[in-house]
Amino acid sequence: MLTEADVRNALHGAINSSDVFSWSKDFNFREGALDSLDHATFLLALAEKHDFKFAEEDFPKLNTIQAVLDYQAGHKS
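Definitions and cut-offs
Residues numbered from 1 in each chain as written. Predicted model: local features only at pLDDT ≥ 70, side-chain atom pairs only at ≥ 80, totals over all residues. Heavy atoms only, no water. Helix = DSSP H or I, 4+ residues; strand = E, 2+ residues; numbered from the N terminus. Rg over C-alpha atoms; globule rule 2.2 N^0.38 Å. Buried < 20%, exposed > 50% of the residue type's maximum accessible area, 1.4 Å probe, protein only. Contact = heavy atoms within 4.5 Å. Lys, Arg positive; Asp, Glu negative; His and termini not counted. Charge placed at Lys NZ, Arg CZ, Asp CG, Glu CD. Core = buried A, V, L, I, M, F, W, Y, C linked by side-chain atoms within 4.5 Å.

Colleague: Before we go on, may I ask you to explain the overall build of the protein chain in this structure?
Modeller: Helices and strands together make up the secondary structure of the protein chain, namely four helices and zero strands. For the protein chain, the α and β elements follow one another from N to C terminus as α-α-α-α. At 11 Å, the protein chain has a C-alpha radius of gyration in line with the 11 Å of a compact globule built from 77 residues. Within the span of the protein chain, comprising 77 residues, buried residues form 39% of the whole. The long-range share in the protein chain, meaning contacts at least 24 apart out of those at least 6 apart in sequence, stands at 47%. Each charge class in the protein chain was averaged separately, 7 positive and 13 negative side chains, and the resulting centres sit 5 Å apart.

Have a look at this one:
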């Protein structure tokens, strides 16, 4: 299961900014920090590292740390 730290570390890897560690879990990083390429890179890296798949059509919904955690929790294999 993904943790908040897992998501934050993947975000940090995608944009190389320590700001991710101060964002609230509901901060919309698609509006405030990540462009579409960074967003896809973040989700794909997170999925690969944790052996999990995000459906590409769901990418637009995965725009906060909490949304990513909720999505993964609801799609356990």
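Colleague: How should the nonpolar core be read in this particular structure?
Modeller: In a soluble, globular protein the nonpolar side chains are often hidden away together inside. Counting residues in each nonpolar core, the largest one holds 21 residues, and the members touching the most others are V7, L11, F29, F42, L46, F54 and V68. Those elements that place two or more of their residues in this core are α1 (4–15), α3 (36–49) and α4 (65–74). Leaving out residues up to four positions away in the same chain, F29 has contacts with L11, W23, L34, H39, F42, L62, N63, T64, I65 and V68.

Colleague: Sorry if this is basic, but what is going on with unusual backbone geometry here?
Modeller: Leaving glycine aside, a negative phi is the common case for residues, and trans is the common case for peptide bonds. Its identity is not glycine, yet N16 carries a phi of approximately 50°, on the positive side. Within the secondary structure layout, N16 lies in the loop between α1 and α2 (29–32). By relative accessible area, which is 64% here, N16 ends up exposed. A positive phi is found at D51, a non-glycine position, where the angle reads about 50°. Mapping D51 onto the fold places it in the loop between α3 and α4.

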